[in-house]
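Architecture at a glance
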Amino acid sequence: MKSIQENKLDNPVWNSLSEIHSAFAIDYNGTKFYNPDYCPFGGFINSESTLEASNQYSVATENFFIVGEKPETSNSLQIVKELICLQMIVYNKIELSITDKIVKLTEEHNEELVQLVNLVQPGYFKNKTATLGNYYGIFKENQLVAITGERMKMNDFTEVSAIITHPDHTGKGYAKQLIAHCVNNIFNENKTPYLHVVESNIGAIGLYEKLGFVTRRKMSFWNISKNQ
(Lines give C-alpha, C1' and ligand atoms only; values in the text may rest on other atoms or scores of the structure.)
Protein backbone atom coordinates (compact mmCIF):
# COMPACT_ATOMS: atom_id res chain seq x y z
CA MET A 1 0.00 0.00 0.00
CA LYS A 2 1.27 3.47 -0.81
CA SER A 3 2.63 5.64 1.97
CA ILE A 4 0.16 8.30 3.06
CA GLN A 5 0.64 11.56 4.94
CA GLU A 6 -1.76 10.75 7.74
CA ASN A 7 -0.98 14.00 9.57
CA LYS A 8 -3.12 15.77 6.94
CA LEU A 9 -6.12 14.33 8.77
CA ASP A 10 -5.25 16.58 11.74
CA ASN A 11 -6.68 19.48 9.70
CA PRO A 12 -9.22 17.83 7.41
CA VAL A 13 -11.20 20.87 6.26
CA TRP A 14 -8.17 23.01 5.42
CA ASN A 15 -6.45 20.18 3.55
CA SER A 16 -9.57 19.18 1.63
CA LEU A 17 -10.09 22.78 0.55
CA SER A 18 -6.41 23.04 -0.41
CA GLU A 19 -6.51 19.83 -2.49
CA ILE A 20 -9.43 18.03 -4.20
CA HIS A 21 -12.11 20.45 -3.00
CA SER A 22 -10.25 23.71 -3.72
CA ALA A 23 -13.04 24.78 -6.12
CA PHE A 24 -15.45 24.94 -3.15
CA ALA A 25 -13.16 27.06 -0.95
CA ILE A 26 -13.66 30.57 0.32
CA ASP A 27 -10.18 31.65 1.45
CA TYR A 28 -9.78 34.24 4.20
CA ASN A 29 -5.94 34.29 4.43
CA GLY A 30 -5.31 31.56 6.99
CA THR A 31 -8.88 30.27 7.39
CA LYS A 32 -10.75 28.43 4.64
CA PHE A 33 -14.46 27.68 4.53
CA TYR A 34 -16.54 25.59 2.19
CA ASN A 35 -18.99 27.57 0.09
CA PRO A 36 -22.02 27.39 2.45
CA ASP A 37 -24.27 25.97 -0.28
CA TYR A 38 -22.16 22.80 -0.10
CA CYS A 39 -20.99 22.40 3.49
CA PRO A 40 -20.94 24.68 6.59
CA PHE A 41 -17.36 23.79 7.61
CA GLY A 42 -14.18 25.80 8.04
CA GLY A 43 -10.60 25.04 9.03
CA PHE A 44 -7.50 27.12 9.66
CA ILE A 45 -3.74 27.18 9.93
CA ASN A 46 -3.64 30.65 11.46
CA SER A 47 -5.88 31.04 14.52
CA GLU A 48 -5.65 34.85 14.40
CA SER A 49 -7.39 34.75 11.03
CA THR A 50 -10.47 32.99 12.42
CA LEU A 51 -11.87 36.15 14.02
CA GLU A 52 -12.33 38.13 10.82
CA ALA A 53 -13.01 35.02 8.73
CA SER A 54 -15.89 34.00 11.01
CA ASN A 55 -17.38 37.48 10.84
CA GLN A 56 -17.28 37.47 7.04
CA TYR A 57 -18.56 33.92 6.68
CA SER A 58 -21.45 34.62 9.08
CA VAL A 59 -22.84 37.05 6.51
CA ALA A 60 -23.31 34.09 4.14
CA THR A 61 -24.58 31.58 6.71
CA GLU A 62 -25.72 32.20 10.27
CA ASN A 63 -24.77 28.78 11.65
CA PHE A 64 -21.55 26.91 10.86
CA PHE A 65 -18.68 24.81 12.21
CA ILE A 66 -14.94 25.30 12.52
CA VAL A 67 -13.10 21.99 12.78
CA GLY A 68 -9.93 21.52 14.81
CA GLU A 69 -8.46 23.73 17.52
CA LYS A 70 -10.66 26.32 19.22
CA PRO A 71 -11.13 29.37 16.94
CA GLU A 72 -11.27 33.01 17.92
CA THR A 73 -14.68 34.67 17.56
CA SER A 74 -15.98 38.21 17.92
CA ASN A 75 -18.69 39.49 20.27
CA SER A 76 -21.25 39.31 17.47
CA LEU A 77 -20.84 35.52 17.30
CA GLN A 78 -21.11 32.78 19.90
CA ILE A 79 -19.73 29.27 20.16
CA VAL A 80 -22.94 27.34 20.69
CA LYS A 81 -21.20 24.07 21.53
CA GLU A 82 -18.09 21.99 21.06
CA LEU A 83 -18.94 18.68 19.43
CA ILE A 84 -16.17 16.24 20.32
CA CYS A 85 -15.89 13.55 17.68
CA LEU A 86 -13.73 10.51 17.18
CA GLN A 87 -11.87 10.58 13.90
CA MET A 88 -11.79 6.95 12.75
CA ILE A 89 -9.82 5.43 9.88
CA VAL A 90 -9.87 2.07 8.10
CA TYR A 91 -6.84 0.57 6.35
CA ASN A 92 -8.30 -2.41 4.49
CA LYS A 93 -11.31 -3.20 2.35
CA ILE A 94 -14.36 -4.48 4.24
CA GLU A 95 -15.26 -8.09 3.54
CA LEU A 96 -19.06 -8.16 3.72
CA SER A 97 -21.71 -9.79 1.58
CA ILE A 98 -24.12 -7.22 0.14
CA THR A 99 -27.65 -8.61 0.19
CA ASP A 100 -29.64 -5.44 -0.55
CA LYS A 101 -29.58 -3.51 -3.81
CA ILE A 102 -27.39 -0.40 -3.47
CA VAL A 103 -28.15 2.49 -5.81
CA LYS A 104 -25.73 5.28 -6.68
CA LEU A 105 -27.78 8.41 -6.05
CA THR A 106 -28.13 11.11 -8.71
CA GLU A 107 -29.48 14.64 -8.86
CA GLU A 108 -33.02 13.31 -9.19
CA HIS A 109 -32.72 11.76 -5.70
CA ASN A 110 -31.40 14.95 -4.09
CA GLU A 111 -34.61 16.21 -2.50
CA GLU A 112 -35.31 12.83 -0.88
CA LEU A 113 -31.66 12.57 0.22
CA VAL A 114 -31.66 16.02 1.86
CA GLN A 115 -34.95 15.27 3.62
CA LEU A 116 -33.69 11.98 5.05
CA VAL A 117 -30.42 13.45 6.37
CA ASN A 118 -32.14 16.44 7.94
CA LEU A 119 -34.73 14.18 9.53
CA VAL A 120 -32.00 12.30 11.42
CA GLN A 121 -29.04 14.74 11.58
CA PRO A 122 -30.23 18.30 10.93
CA GLY A 123 -27.77 21.12 10.37
CA TYR A 124 -24.94 19.58 8.37
CA PHE A 125 -26.36 18.70 4.99
CA LYS A 126 -27.03 21.39 2.38
CA ASN A 127 -28.77 21.23 -0.99
CA LYS A 128 -25.45 20.84 -2.82
CA THR A 129 -23.60 18.63 -0.31
CA ALA A 130 -24.21 15.54 -2.41
CA THR A 131 -22.15 17.02 -5.25
CA LEU A 132 -18.99 16.81 -3.09
CA GLY A 133 -18.71 13.05 -3.62
CA ASN A 134 -20.57 9.84 -4.38
CA TYR A 135 -23.72 9.02 -2.40
CA TYR A 136 -25.34 5.61 -2.20
CA GLY A 137 -28.78 4.53 -1.04
CA ILE A 138 -31.04 1.58 -0.34
CA PHE A 139 -34.69 1.88 -1.38
CA LYS A 140 -37.62 -0.10 -0.03
CA GLU A 141 -41.00 0.23 -1.77
CA ASN A 142 -39.67 3.22 -3.71
CA GLN A 143 -38.69 5.04 -0.52
CA LEU A 144 -35.08 5.98 0.27
CA VAL A 145 -34.51 4.35 3.67
CA ALA A 146 -30.72 4.40 4.15
CA ILE A 147 -27.76 6.31 2.75
CA THR A 148 -24.00 6.74 3.02
CA GLY A 149 -21.78 9.08 1.05
CA GLU A 150 -18.53 10.99 0.71
CA ARG A 151 -17.92 14.52 1.95
CA MET A 152 -14.44 16.00 2.51
CA LYS A 153 -11.81 14.88 -0.02
CA MET A 154 -8.04 15.20 -0.06
CA ASN A 155 -5.53 13.72 -2.49
CA ASP A 156 -5.09 10.63 -0.30
CA PHE A 157 -8.20 10.57 1.90
CA THR A 158 -11.97 10.60 1.48
CA GLU A 159 -14.37 11.17 4.38
CA VAL A 160 -17.30 8.76 4.71
CA SER A 161 -20.31 10.79 5.82
CA ALA A 162 -24.10 10.90 6.17
CA ILE A 163 -24.38 7.34 7.46
CA ILE A 164 -28.13 7.60 7.93
CA THR A 165 -30.97 5.10 8.25
CA HIS A 166 -34.61 6.15 8.48
CA PRO A 167 -35.82 5.53 12.07
CA ASP A 168 -38.50 3.12 10.80
CA HIS A 169 -35.90 0.93 9.06
CA THR A 170 -33.05 0.54 11.55
CA GLY A 171 -31.61 -2.80 12.67
CA LYS A 172 -31.72 -4.40 9.23
CA GLY A 173 -28.04 -4.16 8.35
CA TYR A 174 -28.46 -1.42 5.76
CA ALA A 175 -25.82 0.89 7.24
CA LYS A 176 -23.03 -1.69 7.33
CA GLN A 177 -23.69 -2.69 3.72
CA LEU A 178 -23.64 0.93 2.58
CA ILE A 179 -20.48 1.69 4.56
CA ALA A 180 -18.73 -1.37 3.08
CA HIS A 181 -19.80 -0.40 -0.44
CA CYS A 182 -18.67 3.21 0.01
CA VAL A 183 -15.37 2.31 1.74
CA ASN A 184 -14.42 -0.27 -0.88
CA ASN A 185 -15.10 2.17 -3.72
CA ILE A 186 -12.83 4.71 -1.99
CA PHE A 187 -10.06 2.09 -1.79
CA ASN A 188 -10.63 1.36 -5.50
CA GLU A 189 -9.73 5.03 -6.12
CA ASN A 190 -6.44 4.44 -4.24
CA LYS A 191 -7.56 6.61 -1.31
CA THR A 192 -7.97 5.86 2.40
CA PRO A 193 -11.43 6.25 4.01
CA TYR A 194 -12.01 7.98 7.32
CA LEU A 195 -15.02 9.36 9.21
CA HIS A 196 -16.08 11.48 12.17
CA VAL A 197 -18.56 10.32 14.82
CA VAL A 198 -19.68 12.10 17.98
CA GLU A 199 -17.85 10.38 20.86
CA SER A 200 -21.12 9.72 22.75
CA ASN A 201 -22.59 7.71 19.83
CA ILE A 202 -21.53 4.36 21.27
CA GLY A 203 -23.73 2.30 18.95
CA ALA A 204 -22.29 3.79 15.79
CA ILE A 205 -18.71 3.54 17.10
CA GLY A 206 -19.25 -0.15 17.82
CA LEU A 207 -20.52 -0.73 14.28
CA TYR A 208 -17.55 1.08 12.73
CA GLU A 209 -15.10 -0.90 14.88
CA LYS A 210 -16.71 -4.18 13.78
CA LEU A 211 -16.16 -3.11 10.18
CA GLY A 212 -12.47 -2.44 10.84
CA PHE A 213 -12.31 1.26 11.67
CA VAL A 214 -9.95 2.34 14.44
CA THR A 215 -9.92 5.62 16.34
CA ARG A 216 -7.11 7.88 15.19
CA ARG A 217 -7.72 10.93 17.40
CA LYS A 218 -10.42 13.19 18.80
CA MET A 219 -11.56 16.10 16.66
CA SER A 220 -13.58 19.12 17.81
CA PHE A 221 -16.33 20.65 15.70
CA TRP A 222 -17.03 24.14 17.05
CA ASN A 223 -20.62 25.16 16.29
CA ILE A 224 -20.74 28.94 15.79
CA SER A 225 -23.76 31.16 15.25
CA LYS A 226 -24.73 34.81 15.33
CA ASN A 227 -25.74 36.22 18.69
CA GLN A 228 -29.50 36.65 18.76
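Note that this is a predicted model, so its numbers are computed, not measured.

**Considering the overall build of the protein**
The number of helices and strands found in the protein is 5 helices and 11 strands. By the compact-globule yardstick of 17 Å for 228 residues, the protein fits well, its C-alpha radius of gyration being 17 Å. Counting only C-alpha atoms, the protein reaches 50 × 40 × 30 Å along its principal axes. Considering the protein as a whole, with its 228 residues, one finds that 54% of them fall into the buried category. Taking the intrachain contacts of the protein between residues at least 6 apart in sequence as the baseline, contacts between residues at least 24 apart amount to 69%.

**Side note on the state of the cysteines**
On inspection of all chains with the given rule, the structure shows 0 disulfides. Free cysteine C182: the closest other cysteine sulfur is in C39, separated by 15 Å. You can call C182 buried: its relative accessible area is 0%.

**So, the pairing of strand β3 (residues 41-44)**
Along β3, one buried face is formed by F41 and G43 and the opposite face, lined by G42 and F44, is buried too. Here 3 bridges tie strand β2 (residues 31-34) to β3, and the two strands are oriented antiparallel to one another. Note on β3: the bridge partner recorded for K32 is G43. As consecutive antiparallel partners, β2 and β3 are separated by 6 residues. Across 2 bridges, β3 lies against strand β4 (residues 63-67) in parallel orientation. Each bridged residue has a counterpart across the sheet, and for F41 the counterpart in β4 is F65. Following the chain from β3 across helix α2 (residues 49-60) to the adjacent parallel β4, one finds a crossover that is right-handed.

**Thoughts on the sheet that holds β4**
Backbone hydrogen bonds hold the strands of a sheet together, and the pairing may be parallel or antiparallel. With respect to topology, 11 strands assemble into an open sheet ordered β1-β2-β3-β4-β11-β5-β10-β9-β8-β7-β6, the strand pairing being mixed. Of all strands in the sheet, those with a lone pairing partner are β1 (25-27) and β6 (103-104), marking the two edges. One ladder, built from 5 bridges, connects strand β5 (residues 77-89) with strand β10 (residues 192-198); its direction is antiparallel. What sits directly across from Q87, in β10, is H196.

**Some thoughts on the nonpolar core**
Formed by 27 residues in total, the largest nonpolar core has its most connected members in M88, I179, V183, L195, V197, Y208 and F213. Elements supplying a minimum of two residues to this core: β5, β7 (135-140), β8 (143-153), β9 (157-165), α4 (174-188), β10 and α5 (202-210). Residues in contact with L195, not counting those within four places in the same chain, are L86, Q87, M88, E159, V160, I163, Y208 and F213. Counting residues in each nonpolar core, the second largest holds 21 residues, with L17, C39, F65 and L83 among its members.

**A look at the pattern of salt bridges**
By the definition in use, this model includes 8 salt bridges. A salt bridge links D100 to K140; the shortest N-O distance between them is 2.7 Å. A residue pair is termed long-range when its members are at least 10 positions apart, and D100 in the loop between β5 and β6 and K140 in strand β7 qualify at 40 residues. One salt-bridge network, held together by shared partners, links E6, D10, R216 and R217.

**Points about the environment of I102**
Structurally, the position occupied by I102 is in the loop between β5 and β6. Taking the C-alpha atoms as reference points, I102 and H181, separated by 79 residues in sequence, lie 8.2 Å from one another. Once residues lying within four places of it in the same chain are set aside, the contact partners of I102 are Y136, G137, I138, Q177, L178 and H181.

Conventions and cut-offs
- Residues numbered from 1 in each chain as written.
- Predicted model: local features only at pLDDT ≥ 70, side-chain atom pairs only at ≥ 80, totals over all residues.
- Heavy atoms only, no water.
- Helix = DSSP H or I, 4+ residues; strand = E, 2+ residues; numbered from the N terminus.
- Rg over C-alpha atoms; globule rule 2.2 N^0.38 Å.
- Buried < 20%, exposed > 50% of the residue type's maximum accessible area, 1.4 Å probe, protein only.
- Contact = heavy atoms within 4.5 Å.
- Disulfide = S-S within 2.5 Å.
- Pairing = 2+ DSSP bridges.
- Right-handed = clockwise from strand over helix to strand, strands pointing away.
- Core = buried A, V, L, I, M, F, W, Y, C linked by side-chain atoms within 4.5 Å.
- Salt bridge = Lys/Arg side-chain N within 4 Å of Asp/Glu carboxyl O.

Geometric descriptors of this kind do not, in isolation, establish any biological role.
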